[in-house]
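Structural characterization, general
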Amino acid sequence: MGLTLDIKGLITPFSALGLSVRKPHTLNYPRVPREPAPGYRGFHVNDLSQCAGCGNCQDICMNEAIDMVRTDQEINPKNASGLVPRIDYGRCCWCGLCTDVCGPDSLRFEADCIYVSADADSFLYMPKNQA
Amino acid sequence: MSGTIRIFHGPQHPGVTGNMSLELELDGETIVAATTHVGYLHRGFEKLIERRTVLQAFTIVCRICVPEPDPNEENFARGIEELAGLEISERAAYIRVMILELARLQAHLLWLAGQGASIGHELVPQWAVGDRDYILDLFEEITGGRVYHMYIYPGGVKRDLPEALPEHLNRVLEALEQRLPAYDRIFFDNAAVRKRLQGVGVVDRQEALRNGYAGPVLRGCGIARDLRRDAPYLVYDQLQFEVPTADGCDAYARALVRRAEMDQSIRLLRQAIARLPSGEIQCRLPKHRKFQIPRGETYVQSESARGAFGYYMAADGSEYLRRLQVHGPSMVHAFTLLERLLIGAQLSDVALIMNSLGICPPEIER
């Protein structure tokens, strides 16, 4: 096996040392949470004063993650069924088809995307009532 | 007593590129026989799609390949458009090209991270994953998602580009253009990397043609095949780019091909921003239960970062596809080719060769 010396190939990797004086790309402590992009697909919000109770969101959901349920909150008087969507976050894949088909545009996404709970039932999530 | 030992490498092993395993027979550190076991990640996507309307099914296809989901979305959408006779706007076609090229860039950076880690290069994976994150930021801005975008939709794309996107994209491309020569210095021109990659995983040129190998594996054998040029789709025929090749047939040749493709993707993205026309992004579609696909069949293909992806789709006039079959590049690379390449290789070369072939086990089993 012949020995050939690749001088350039041995030296150039050390050029990376020059980056040690540059500003790091990683975040320093104290950690400042990064703002999600506008339009990020986080949790659902539903404007109950607009929701028509039509169930289009439930119909199009390919994961069967949406149930139409009753709520104690005040709803749109024109809500035909008296029901509003509840999302199962054990099934949801955040594809956004439900928000696309929402006629009155009451069901939308917010950028918030962190939820922690030891109660598995709480992942049957009632979207925040938000205009 | 035989002088060899038999070990399982994967499916849970940091050096295996996903959910597949290798049964290796070792003589010391040298592999004397290898058997690949694929099928640990059969999720039944093709069957699931038959039970969903075409608009529901589009959310599944991106999950076929985790590192690069967008060619799947594009293939599926284009197949539905061909079957239903839909025509997408030029703006939507340009946006799709931008998404596909960004996907190619991030997939190559992810490969670079894996290839670096597979040979014990500690620096390049950190850089590459970090730089990839800036591309994921762009995806988040455009699509609302970072990894699975669910953005390329039958009839166009789901949202228009944000106003600030061209500026942000230019900023990322400039940063990458400055960064890629640094990758050359620490990785591609690195004498230690060359020593590790050259002469390893050598693919026979005739075999590559005969068995239908694709992507960087084929172009690393000096064969300039690329569907974007050979069977142009979207607006690739209006854009200028080259199809890089290398002659070594080994892991290093494939690395050089991918490195050159990153330059070409940046070139394509710059052209796409400059020529982006105004107009609609989505044509009008019927409601999902009334969107019936006329009886017919089609086969659509696109060039992903790992090679050609093909979708065979057959419709029977209902709102469901009768059959969808996905032809991905990983199966031909991961099955018997990998077995052959591993014979005579060192145990420490297993991860190197798998990464170099661009094997994505989630895409082998649909």
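Structural data are supplied above this passage.
What comes next concerns the included structure. Note that the coordinates shown come from a computational prediction; the quantities given were computed from them, not determined experimentally.

Quick word on the overall build of chain A
A count of helices and strands for chain A gives three helices and six strands. The helix and strand sequence of chain A, counted from the amino end, reads α-β-α-β-β-α-β-β-β. In terms of overall size, chain A is more extended than a compact globule, its C-alpha atoms giving a radius of gyration of 25 Å where 131 residues would be expected to give roughly 14 Å. Considered along the principal axes of its C-alpha atoms, chain A spans approximately 80 × 40 × 30 Å. The contacts of chain A with a sequence gap of at least 6 include a subset with a gap of at least 24, amounting to 77%.

Description of the overall build of chain B
Regarding its fold elements, chain B presents 14 helices and eight strands. Compactness check: chain B gives a C-alpha radius of gyration of 21 Å against a globular reference of 21 Å for 366 residues, within 12% of the reference. The principal-axis extent of the C-alpha atoms belonging to chain B is close to 70 × 45 × 35 Å. For chain B, with 366 residues in total, the buried portion stands at 49%. Contacts in chain B between residues far apart in sequence, at least 24 positions, make up 70% of those at least 6 positions apart.

Points about the packing of helix H12 (residues 330-342) of chain B against helix H13 (residues 350-357) of chain B
How two helices pack is summed up by the angle between their axes together with the distance between the axes. Residue and element names in this part refer to chain B. Between H12 and H13, whose axes approach to 11 Å, the crossing angle comes to 140°. Taken together, H12 and H13 sit at an angle that is classed as oblique. At the point where H12 passes H13, the crossing takes the right-handed sense. Contacts between H12 and H13 involve His 333, Leu 338, Leu 341 and Leu 342 from the first element and Val 350, Ile 353, Met 354 and Leu 357 from the second.

Topic: the nonpolar core
All names here are of chain B. With 124 residues, the main nonpolar core has Val 97, Leu 102 and Ile 353 as its most contacted residues. In terms of residues, this core owes the most to one element, helix H4 (residues 90-118), which gives 18 residues. Leave out the neighbours within four places in its chain, and Leu 102 touches Ile 135, Leu 138, Phe 139 and Leu 269.

Brief notes about unusual backbone geometry
A positive phi angle, close to 60°, is found at Asp 105 of chain A, a residue other than glycine. Although it is not a glycine, Leu 234 of chain B adopts a positive phi angle of roughly 50°. Structurally, Leu 234 of chain B can be placed in the loop between helix H10 (227-230) and helix H11 (251-275).

With respect to the interface of chain B and chain A
On the side of chain A, 20 residues touch chain B, which itself brings 19 residues to the contact. Of all elements in the fold, only helix H2 (54-61), helix H5 (123-143), helix H6 (165-188) and helix H7 (191-197) of chain B reach the threshold of two or more residues within the side of chain B that touches chain A. Taken together, the residues that form the side of chain B that touches chain A break down as five nonpolar, seven polar and seven charged.

Some points on H4 of chain B
Between the first and last C-alpha of H4 of chain B there are 42 Å, a value that for 29 residues agrees with the 42 Å anticipated at 1.5 Å per step. Of the residues trailing H4 of chain B, Gly 120 of chain B is marked for its positive phi of about 80°.

Side note on the packing of helix H3 (residues 70-84) of chain B against H4 of chain B
Residue and element names in this part refer to chain B. For the pair H3 and H4, interaxial distance at closest approach is 9 Å and the crossing angle is 150°. Judged on the interaxial angle alone, H4 and H3 are roughly antiparallel. Between H3 and H4, the residues in contact are Asp 70, Pro 71 and Glu 74 and Arg 96, Ile 99, Leu 100 and Ala 103, respectively.

Here's the deal with the pairing of strand E8 (residues 321-327) of chain B
Residue and element names in this part refer to chain B. Relative to E8, strand E7 (residues 307-315) runs antiparallel, the two being bridged by six bridges. Its bridge partner lying in E8, Tyr 311 is registered against Val 326. Count of turn residues in the E7/E8 antiparallel hairpin: five residues, of which Gly 317 carries a positive phi of about 95°.

Things to note about H3 of chain B
Residues and elements named next belong to chain B. Its 15 residues place the ends of H3 21 Å apart at the C-alpha level, agreeing with the 21 Å of an ideal helix rising 1.5 Å per residue. Of all 15 residues making up H3, twelve are buried, and the element is well covered by its neighbours. Listed in full, the buried residues belonging to H3 are Asp 70, Pro 71, Asn 72, Glu 73, Glu 74, Asn 75, Phe 76, Ala 77, Arg 78, Gly 79, Ile 80 and Leu 83. Gly 85 lies just past H3 and shows a positive phi near 70°.

Digging into the environment of Ser 89 of chain B
Residue and element names in this part refer to chain B. Positionally, Ser 89 belongs in the loop between H3 and H4. Taking the C-alpha atoms as reference points, Ser 89 and Val 157, separated by 68 residues in sequence, lie 9.8 Å from one another. When residues no more than four places from it in sequence are discounted, the contact partners of Ser 89 are Gly 156, Gly 279, Glu 280 and Ile 281.

Looking at the sheet that holds strand E5 (residues 124-125) of chain A
Residues and elements named next belong to chain A. If you trace the three strands from one edge of the open sheet to the other, you get E2-E3-E5, paired in antiparallel fashion. Of all the strands in the sheet, just strand E2 (66-69) and E5 have a single pairing partner and so form its edges. Summarising the sheet, strand E3 (residues 84-88) and E5 pair through two bridges and their orientation is antiparallel. Looking at the pairing, Asp 88 lines up with Leu 124 of E5.

Cut-offs used in this document
In this convention, every chain numbers its residues from 1, walking through the sequence in written order. The order in which chains are written sets their letters, starting at A; the order in which ligands are written sets their numbers, starting at 1. In keeping with the predicted nature of the model, local features appear solely for residues at pLDDT of at least 70, side-chain atom pairs appear and are counted solely at 80 or more, and the whole-chain, interface and lining totals rest on all residues. Runs of H or I in DSSP of at least four residues are treated as helices and runs of E of at least two as strands, each being numbered from the N terminus. Only C-alpha atoms enter the radius of gyration; for comparison, a globular chain is expected to reach 2.2 Å times N to the power 0.38, where N is the number of residues. Here, residues touch in the contact sense if the C-beta positions derived from the backbone fall within 7 Å of one another. Buried, partly exposed and exposed are defined by the number of other C-beta atoms within 10 Å of a residue's own C-beta, namely 20 or more, between the two limits, and 12 or fewer respectively, with C-beta atoms placed from the backbone. Lines fitted to the C-alpha atoms define the axes, with helices restricted to the stretch that makes contact. Angles between their N-to-C directions range from 0 to 180 degrees. For classification purposes, an angle smaller than 35 degrees is called roughly parallel, one larger than 145 roughly antiparallel, one from 65 to 115 roughly perpendicular, and anything else oblique. Each helix crossing is assigned a hand: it is left-handed if the near helix lies turned anticlockwise from the far helix by less than a right angle, otherwise right-handed if that turn is clockwise. We call a set of buried Ala, Val, Leu, Ile, Met, Phe, Trp, Tyr and Cys residues a nonpolar core when their C-beta atoms link them within 7 Å. Under the scheme applied, nonpolar residues are Ala, Val, Leu, Ile, Met, Phe, Trp, Tyr, Cys and Pro; charged residues are Asp, Glu, Lys and Arg; polar residues are all the others, including Gly. Given a helix with a known number of residues, its expected span is that number minus one, times 1.5 Å. Each pair of strands is called paired provided DSSP finds at least two bridges between the two strands.

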